[in-house]
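One letter stands for each residue in the lines below.
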Amino acid sequence: MENKKAILKNNFKSLFKKKSVKQINLKVLQNNKLKKSLSLLQIVSLGIGVIVGAGIFVLTGIAASMHAGPAITLSFALSGVVCICAGLCYAEFASMLKTSGSSYSYIYVTFGRFPAWIIGSISAIGYFLGAVSVAVGWSGYFIDILNTFNFNISQKFTSPTGTKYMLDNKHFYSYLDLPAFAISLISAFILYRGISLSSIITTISVIIKLSVLLCFVSIGIFYIDINNWIPYIPENQGKFGKYGYSGIIAGVSMVFLAFNGFDSICTSAQEVKNPRKNIPLGIIITIILVTIIYIVTSAVMTGLISYKQLNAPQALALAVNNIGLPWLNYIVKFGALAGLSSVIIVSQYTVTRILLSMSEDKLLPNIFTKIHSKNQIPHIITIIIGLSMAILAATTNLHNVVKLSSFFIIITVISICLATIIMRYTKSKLIRGFYCPLMPIPPIIAIILSLYIIYSYPIQIYLNAIIILIILAVIYFLKKHE
């Protein structure tokens, strides 16, 4: 009986066995086969590449129409505050650890092996599902552009498998979403060719989409109708979140998702020159720049057209249509295409680097640790993720998947903020290249507002999340037994 109790006690302790910061950094120093080629400018580009995309092109108009009105700019400002608070926590961890595991590695040193497996897995799933949904959005913009030039693809190849459509008064079912399938494989191929090529393409994509947004703002500002901003904060309609000050808060719960991805910078730690300095700087600079971009763009958008007319995913295009400049509409659509492309590439990159760290710790098959001798990237994981994403994007309807993706990312952010507080006060003597200021105020602010965002999700998302967590726990214990 005593032996059984001892075994159970040891097994329980092993769930929370931690790695030391020194142990992780030494392992990276000895075994890192990834090429250190990323500068501060490139990782800022990487961050903007994954953040500025679906959020500004899709979510802004819907949040303004349903919740905040012209005060959507305040929702973006508050979201920016939350992300800066969370970003400061990620920056402190990144200045301690040189590994590419990001949230997975940070949780490992704070809470232990099993919590790290859970958080690493849901973080990877969140990015994976997010990339899949963006690929589907990319497909929609691509098809729209082709239709503009009277080049039509059969509906059999433009919707997820089994989608019903009408043609000549007959019902048909689509085979797959071919553009979504193609862009997923193209992104994987770019990553397979090496980090230098993917960072160059991401940088070009970022330049294009920022130029398009700059074009929209610099031209649109001359067509703003001040009356569209009156009242700036529409009167509440008697329901929480339906305009008024509560509408601004409800807007935060929606546009916060537009900032998803800033932590992807941390996953590049093993490929960054001087990571202890450049990664914290990269995170903070990225969030500040993105917040400014969102506030200015949303202000011009709501000035061009009444917020009541923006309840559509193509809100930016609707605002441009109101100007009456068709050529600008084409530019905006191409900019959206470029913006979504970089999000797909960086999201795939983030997933592969998280899984690489987990496989190096024997939580995933050892074959995932293989590094391509020439391209110096984890090529087997890259191929598997690319193919899986292509198949899912081409065959699955992903409306609820988007919410599940963001739910997991927010859970990850809360975990990292808690971990930062614990590490600061329990491991205060560890060398840090960056210290989160005013500790513990920034992480507490991020945690409180993140909990509010989670509270707004429907019960189905909670149920889906619980099922996935149970599956992950089963996989962990089966692997441990093996």
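Residues numbered from 1 in each chain as written. Predicted model: local features only at pLDDT ≥ 70, side-chain atom pairs only at ≥ 80, totals over all residues. Heavy atoms only, no water.

As annotated in an unreviewed UniProt entry, the protein is Amino acid permease from Candidatus Aquarickettsia rohweri. Reading the Subcellular location (unreviewed entry) entry of the UniProt record for the protein gives the comment "Membrane". (UniProt positions renumbered as here; feature names shortened; annotations may be inferred.)

S.K.: What should I look at first to understand the nonpolar core in this one?
M.R.: Phe93, Trp117, Phe216, Phe262, Ile283, Tyr294 and Leu355 are the most contacted members of the largest nonpolar core, which totals 136 residues. In terms of residue count, helix α7 (residues 113–148) provides more of this core than any other element does, 17 residues in total. If near-sequence neighbours (up to four positions away) are discounted, Phe262 is found in contact with Ile51, Cys83, Ala86, Gly87, Tyr90, Ile283 and Ile287. (Core = buried A, V, L, I, M, F, W, Y, C linked by side-chain atoms within 4.5 Å. Buried < 20%, exposed > 50% of the residue type's maximum accessible area, 1.4 Å probe, protein only. Helix = DSSP H or I, 4+ residues; strand = E, 2+ residues; numbered from the N terminus. Contact = heavy atoms within 4.5 Å.)

S.K.: Would you explain the packing of aromatic side chains in this entry?
M.R.: Between two aromatic rings, the relevant description is the distance of the centres plus the angle of the planes. Evaluated as defined, the whole model comprises 15 aromatic pairs. Relative to Tyr108, the ring of Tyr104 lies with its centre 5.7 Å away and its plane at 75°, an arrangement referred to as edge-to-face. Taken together, the positions of Tyr104 and Tyr108, both in helix α6 (residues 103–110) and four residues apart, correspond to about one turn of that helix. Residue classification places Tyr104 among the buried residues on the basis of a relative accessible area of 1%. Considering the side-chain rings of Trp138 and Phe142, the 5.0 Å spacing of their centres and the 10° angle between planes classify their relative orientation as stacked. Here Trp138 and its partner Phe142 are both found in helix α7, four residues apart, which amounts to about one turn of the helix. For Trp138, a relative accessible area of 10% translates into the label buried. For Phe142, a relative accessible area of 26% gives the class partly exposed. Lying across the ring of Tyr108, Lys19 places its NZ or CZ 5.4 Å from the centre. (Phe/Tyr/Trp six-rings, centres within 6.5 Å; stacked < 30°, edge-to-face > 60°. Lys NZ or Arg CZ within 6 Å of the ring centre and 35° of its normal.)

S.K.: What's the story with empty space enclosed by the protein in this structure? I'm lost.
M.R.: To find leftover empty space, one rolls a probe the size of a water molecule over the atoms. The final tally for this structure, using the stated rule, is two cavities of 30 Å³ or more. Its volume calculated, the largest cavity comes out at about 70 Å³. Taken together, eleven residues line the largest cavity, and the ones lying closest to its centre are Phe256, Phe259, Asn260, Gly261 and Ile409. The computed volume of the second largest cavity comes to approximately 40 Å³. What lines the second largest cavity is Leu46, Leu191, Ile195, Ser198, Ser199, Thr202, Ile345, Val346 and Tyr349. At the level of elements, α9 (195–220) and α13 (326–360) are the ones that each hand at least two residues to the lining of the second largest cavity. Among the elements that line the lining of the second largest cavity, the one with the most residues is α9, at four residues. (1 Å grid on protein atoms, 1.4 Å probe; cavity = no way out; pocket = protein on both sides within 12 Å on 5 of 7 lines; lining within 4 Å. Points joined across faces, edges and corners; volume = space filled by probe spheres on them.)

S.K.: Which parts of the structure should I look at to understand a nonpolar patch on the surface?
M.R.: Taken together, Ile459, Leu463, Ile466, Ile470, Val474 and Leu478 make up a surface patch of nonpolar side chains, about 580 Å² in accessible area. Here Ile459 is to be found in helix α17 (residues 459–481). (Patch = residues over 30% accessible without salt bridge, like charges linked within 9 Å, V, L, I, M, F, W, Y side chains within 5 Å. Areas by Shrake-Rupley, 256 points an atom, 1.4 Å probe, with all protein chains shown as cover. Salt bridge = Lys/Arg side-chain N within 4 Å of Asp/Glu carboxyl O.)

S.K.: Got a minute to help me understand the side chain of Thr382 in this structure?
M.R.: Note on placement: Thr382 falls in helix α14 (residues 379–395). Leaving out residues up to four positions away in the same chain, Thr382 has contacts with Ala188, Leu191, Tyr192, Thr352 and Ile377.

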